[in-house]
Amino acid sequence: MRGLIPDSFIDELLARVDIVDVIERRVPLKKAGREWTACCPFHNERSPSFYVSPAKQFFHCFGCGAHGSALKFLMDYERLEFPDAVEELAQTLGMTVPREGGRDAAPREDKTDLYALLDASASWYQSELPKSKEAQAYCKKRGLDAETIARFRLGWAPAGYDGVIKSLGNSERRLQLLNEAGMVASSEQGRKYDRFRERLMFPILDRRGRVIAFGGRIIFSAPPAREDQEAGIPARTSQQSTSPKYLNSPETPLFHKGRELFAMWQVKQANANLPRIVVVEGYMDVIALHQAGLPIAVATLGTATTPEHTEVLFRAAPDVVFCFDGDRAGRAAAWKALESALPRLRDGRQAYFLFLPDGEDPDSLVRKEGKEGFEKRIKEAMPLSDYFFNELSHDVELGSLDGRARLAERARPLIGKLPDGAFRDLMAQELERRSGARALVQPAASSHRAVQRPIAVQRSLVRSAIALLLTQPGIADQVEKPYRFLPQDKPGIGLLAELLDIARSRPGINSAMLVEHFAEREEYPALQKLMAAVSVGEPDRQAREFLDAIARLEHQASLTRKRELESRRSALSDAEKDELRALLPIRETFTSDLS
């Protein structure tokens, strides 16, 4: 939804942005004549069928059909809603997104109040940290300096069941927002209480740096506060309690733990170019690595690595290192990460696995070995291919026929999950080398898709005129008003006139800007397809073809009017007789000026 963002701002945004720059930050492009090309980021393919046109400020994939402007690319690639894509694009240009109308002029889709409340919660927790001697002692014990505490906005949730409620829930609306944000819970008696109490607080940020949730860590054991017991509120951190070391916010409209990664925002802020990213298991491990000079670490949020996580990771960096404990639980988590990564390993992406010594975690190791020591471990991490075959072979007797057959049967379906490409071919070859059995891997489902190269399509005259106008909106100035083609009942005639009006009223408008005017209308998909379908051609030739199409439409409109007047010649008014006399010289056949 566009929400309250003015159309004029979206025009200015698309006029200032270069779609090639937007896409090249995320997908490596190669020059191909007047356009740029790449393997499509939206489906698996070996040969590039994804094209980016600087002239049209438009992208199109002839394989899967994905197409659109720079905004549409961000929406599809980063999975953003329209307002968030506008904000993202504007931020790269240093522009501030304006809003039309008053605060209550229309329903808000961007959850502004919820974001504001969560940010206020983070600030409140931050203000409580200096008041807690225990929390400060813990931070000192873990070696956290003031700059790191501020960078991650660490805070403290104090004892008591209503600290957040009293500070931030001072109206019915704000209490409702606290509940929606997952900041409060309800006892069996129905009494509201703070979800986080006596925990070190870690704000979880989204890709734009906004607080969307929290993680809270127990730092000491203590019996529940007396007032909590009297209110029937569950114990927080007692030794008898089953309360986990880490407690995360529940799923909310803003927070989905299977898609978010702790510290991804800080990683992107610290690295303009990110060749490698490291996934660890705990918040404190992440913070310790950042403080040690390795701002490349993120963590999942109390859940196994999901396919959505791996896609976010590989979009951030081509190399992903999964770092786990070397025990059974760590290896089980690593295998789940491998399974999630397999379908995302397009050519150019690589995954590695780093298993730590017993009793060690990234925090303890980086303290002992320093930045250089931990970097050395990262560089020596095991490639996914080695981990894959080692793990599948650990209980298999490869010296026997039965053992090699077992390895082949285990590996085949997993290799089948890999995208079509060189890595998949090499994995299949390695399986054959180790087992002697052919991989017999079925092509990935997406690779069955026939590549839809440009073909000659018989379009109606109106569709042809619209398609050609979309390639060069500036030629609209050569069509004078009133439009003589309008007195026709042909599909698309009204849309053509509207496109001409918009293009004439906005000098300098480009193709993407023109199409985005229809972003929330039913004509939008058809306009995108028309713009994508126009083959690359000489601008002068396309301009002549457009004007020829307009002339043909005007000729058809004149013939239709001439026939209509001739059909009732005996009943014409004087004005209609004059009109008919002017139309009589028009021939039935149109003579084109195109050479």
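Now for a look at the structure at hand. (Residues numbered from 1 in each chain as written. Predicted model: local features only at pLDDT ≥ 70, side-chain atom pairs only at ≥ 80, totals over all residues. Heavy atoms only, no water.)

A look at the nonpolar core
By size, the foremost hydrophobic cluster in this structure holds 101 residues, and its most contacted members are Phe262, Ile277 and Phe388. Looking at this core element by element, the count peaks at seven residues for helix H5 (residues 112-128). Sequence-distant contacts of Ile277, that is, excluding residues within four places in its chain, are made with Met264, Val267, Ile296, Val298, Leu313, Ala316, Ala317, Asp319, Val320 and Val321. (Core = buried A, V, L, I, M, F, W, Y, C linked by side-chain atoms within 4.5 Å. Buried < 20%, exposed > 50% of the residue type's maximum accessible area, 1.4 Å probe, protein only. Helix = DSSP H or I, 4+ residues; strand = E, 2+ residues; numbered from the N terminus. Contact = heavy atoms within 4.5 Å.)

Focus: the sheet that holds strand E15 (residues 350-356)
Here we have five strands laid out as an open sheet, ordered E13-E12-E14-E15-E16, and mixed in their pairing. The sheet is open, and its two edges are formed by strand E13 (297-299) and strand E16 (382-383), each paired on a single side. Sitting on the sheet, helix H13 (residues 307-316) is in contact with strand E12 (276-280), E13, strand E14 (319-325) and E15, with an inclination near 130° to E14. Along the sheet, helix H14 (residues 328-341) makes contact with E14 and E15, crossing E14 at roughly 155°. (Pairing = 2+ DSSP bridges. Axes fitted to C-alpha atoms, helices over the stretch in contact; angles between N-to-C directions.)

Notes on the side chain of Gln266
Mapped onto the elements of the fold, Gln266 is located in helix H11 (residues 264-270). When near neighbours in sequence (up to four residues on either side) are disregarded, Gln266 contacts Arg151, Phe152, Leu205 and His290.

A few points about the state of the cysteines
Across all of its chains, the model carries zero disulfides by this definition. Here Cys40 stays unpaired: no disulfide links it, and the sulfur of Cys61, its closest cysteine neighbor, is 3.6 Å away. Overall, Cys40 belongs to the buried group, its relative accessible area being 1%. (Disulfide = S-S within 2.5 Å.)

Notes on the environment of Asp145
Within the secondary structure layout, Asp145 lies in the loop between helix H6 (133-141) and helix H7 (146-151). Exposure remark for Asp145: the relative accessible area of 34% places this residue in the partly exposed category. Separated by 146 residues in sequence, Asp145 and Gln291 place their C-alpha atoms 8.2 Å apart. Engagement of the side chain of Asp145 in a polar contact is seen with the backbone nitrogen of Thr148, the distance being 2.7 Å. (Polar contact = N/O pair within 3.5 Å; in protein donor to acceptor, adjacent residues only side chain to side chain.)

Regarding the pattern of salt bridges
Enumeration according to the criterion identifies 37 salt bridges in this entry. Two residues, Arg151 and Glu147, come together in a salt bridge whose shortest N-O distance is 2.8 Å. Note that Arg151 and Glu147 are positioned in helix H7 at a spacing of four residues, about one turn of the helix. A salt bridge links Arg581 to Asp578; the nearest nitrogen and oxygen atoms lie 2.2 Å apart. One end of the pair is Arg581 and the other is Asp578, both in helix H24 (residues 574-583) and three residues apart, which spans about a single turn. One connected set of salt bridges, linked through shared partners, spans Asp84, Glu87, Asp206, Arg208 and Arg210. (Salt bridge = Lys/Arg side-chain N within 4 Å of Asp/Glu carboxyl O.)

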